[in-house]
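Each chain is listed here by its residues.
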Amino acid sequence: MNQPLAPTPDMRKVFDKPDLLLKTEHSLCPGCGEPIALRLMLELIQELGLRNRTICVAGIGCYTAFPMIMDVDVLQALHGRAPSVATGAKRVRPDAFVFTMQGDGDMVSEGLQEVIHSAARGERFTAVVLNNGVFGETGGHATATTVLGQHTKTTPGGRNLELHGNPIKISELIAQLDGAAYVARASVHTPSSIKLTRQYLHDAFQCQLAGRGFSFVEILTMCPTDWFVPPEAGPGWLADNLKKTYPLGVIKDQEGARG
Amino acid sequence: MSRRVLMEGSCAMAEGALQVGCRFYAGYPITPSTEILEYMAVRMPQVGGVCMNAESEIEAIGMVWGAAGCGVRSMIASTGQGISLMQESFAELANAQIPIVAVNMCRGQGDYFQATRGGGHGDYRFIVLAPASAQEAVDLIQEAFYLADKWRNPVLIMGDFLLAHTSELVEFRPSDELELPPKTWATTGAQGRRGITLSPLGPSEKLSTDLASALGKVTEKHPAIRAAEVRVDSGWVDDADLVVIAFGFPGRFVKYAVRLAREQGLRVGYVRPISLWPFPSAAIAEAAARAKALAVFELNAGQMIEDVQLAALGRVPLHAIGGISQDHSGFGVGPALTVENILGRIRDVYPRAAA
């Protein structure tokens, strides 16, 4: 069953892991959406020939396991601080390709001020937020993007408007800022949405390479463990809950945002 | 050709940093450290560097983290309150072994514990240097960049209001640095090699799971730093009955008061720790072995005196002759910081048997 098929002349390879992914196993939960996002980013870095000048600035969350399996330089930042660290990196190495990888807890809860100011300054790095509406690593606690009605360990009975307030639509917030040149929200819950995510990431990366200003991609990712559903139910839960609060699409694509 | 110029301590330190290759500065205005930021805003672009007026102290230290992590000599300055906000990053910069130079232009000397113990988490240490004049501040900040790179450890310069705002003649005389190893740990883009991770959480090598030895390296170097980097100024200690210990700008007042005491026939000496970590414990122990009493003058409620106690190990009586001293501004330049007051306090505690 697990033996690979012997290749025959009519077989051709149609899919492989990117070379920049050093290991195919990851330590995240079954059904997690974050590895899909990682694979897309690494594929694009490879495809665009950016590997040798890439600096990834990683935040703190489940995805903090990724730096050790990514064959690019990674600056590990503290929780919430990746945009400032990326600012310092990109300012002293303007020729580097710099992108951040944060979760919703990291960016929108802990570090909201940092990403807002970085966007307003039009820092020329690409910020990626993996939004699953929950603190995954700590075991299912509410973040600033937990949607109304969502059950977490700190919103027992569901996120309640009166008690917990409203979730933050981070992409729409960033898009208002003049320094933001490209803002899009994607998702990895269906094959077609994964293809679109790849397109948005590609366009955001190109925005940085053209020096047009701040580029931002929010990616909705599955977290069945902390949504308390079986792994296979993750994509459906995302479509029925996260996606209804956070509509997908390109929110802003502006030429020469920085003037 | 070096020449002496009249400069405020703040500006002199900023210029000194630029002259040893500091090319990134981020700061947030706060008295009395603001002039460093102002100076950098003008001068940094002239030397091809970057100065960021960050939107918070937390963002400023993050920016410095990013720039220093990419291998560029980077600096930050603030005052105790702002330095408090940076403590999480300070601790983790030490754990990631990223060299930065930080300056705390304190209000008074109440930040001794903050500087030498740190408000961050874990087993980290900062090398801490406390200049007593603008010239010494220039020399020490230039050395600080070397020490930070040498040990891959942050270095903090602890100054104060008087150091920041007193104009003195200074000369920029960067000493020839010994050769440093290339910064192969810096994230520069992989440039043909295997990618690396620069992290406070664990190893640099991809796929490695050896967290213990990565974190071990952070503290394994501490004994060597203690052995190599003690800096101390002392005088009239050999025959002293009373040795006064003081650091920073107030240490300069103490030195003068001790000279006056000598002129008045009192056998008084002084020890001025220049490195607060590593602390010059041996010099204090030596003084304690010879003198009849020790006294500590510091502009706080009693902080460095704990390090003096640890070094003196109860051999002789130890007197606190400083204290919190404020004027209306709150910047820590109060009535206690006069030569007359210090001389009076020296007379108060001078060993009676010897007097």
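Residues numbered from 1 in each chain as written. Chains lettered and ligands numbered in written order. Predicted model: local features only at pLDDT ≥ 70, side-chain atom pairs only at ≥ 80, totals over all residues.

A separate point is the overall build of chain A. In terms of helices and strands, chain A carries nine helices and seven strands. Its C-alpha atoms give chain A a radius of gyration of 18 Å, near enough to 18 Å, the size a compact globule of 259 residues would have. With the C-alpha coordinates of chain A rotated into their principal frame, the extents come out at 65 × 45 × 30 Å. The buried share among the 259 residues of chain A stands at 54%. Considering only residue pairs separated by 6 or more positions, chain A has 68% of its internal contacts joining residues 24 or more positions apart. (Helix = DSSP H or I, 4+ residues; strand = E, 2+ residues; numbered from the N terminus. Rg over C-alpha atoms; globule rule 2.2 N^0.38 Å. Buried ≥ 20, exposed ≤ 12 C-beta atoms within 10 Å, placed from the backbone. Contact = placed C-beta atoms within 7 Å.)

This part is about helix α12 (residues 281-290) of chain B. All names here are of chain B. Those residues of α12 that fall on the buried side of the exposure criterion are Ala283, Ile284, Ala287 and Ala288. One face of α12 carries all of its buried residues, which in axial projection span an arc of 135 degrees. Facing away from the buried surface of α12 by more than 90 degrees, the exposed residues are Ala282 and Ala289. On its buried face, α12 is in contact with β10 (232-235), β11 (242-245), β12 (268-273), β14 (293-296) and α13 (304-312). (Arc of directions from axis to C-beta.)

Sheets are built from strands that pair by backbone hydrogen bonding, the pairs being arranged parallel or antiparallel. Residues and elements named next belong to chain B. Taking strand neighbours across the sheet as the criterion, the five strands line up as β10-β12-β11-β14-β15 in an open arrangement whose pairing is mixed. One side of each edge strand has no neighbouring strand; the edge strands of this open sheet are β10 and β15 (318-320). Taken over all neighbouring pairs, the strand axes of this sheet differ in orientation by 20 degrees on average, direction set aside. Sheet analysis places β10 next to β12, joined by four bridges and oriented antiparallel. Bridge pairing links aspartate 233 to arginine 272 in β12. (Pairing = 2+ DSSP bridges. Axes fitted to C-alpha atoms, helices over the stretch in contact; angles between N-to-C directions.)

Moving on: the environment of B:Gly330. Residue and element names in this part refer to chain B. In this fold, glycine 330 is placed in the loop between β15 and α14 (339-349). Taking the C-beta count within 10 Å as the criterion, glycine 330 has 12 such neighbours and is therefore assigned exposed. Put simply, glycine 330 and alanine 102 are 228 residues apart on the chain and 22 Å apart in space, counted from C-alpha to C-alpha.

Moving on, we get to the interface of chain A and chain B. Contacts between the two partners involve 34 residues from chain A and, on the opposite side, 35 residues from chain B. Looking at which element gives the most residues to the side of chain A that touches chain B, the answer is helix α2 (residues 82-92) of chain A, with eight residues. Of the residues contributing to the side of chain A that touches chain B, the split by class is 17 nonpolar, eight polar and nine charged. For strand β2 (residues 73-76) of chain A and strand β9 (residues 197-198) of chain B, the ladder comprises two bridges, and the chain directions are parallel. When the bridges of β9(B) are listed, A:Leu75 appears paired with B:Leu198. (Nonpolar A, V, L, I, M, F, W, Y, C, P; charged D, E, K, R; others polar.)

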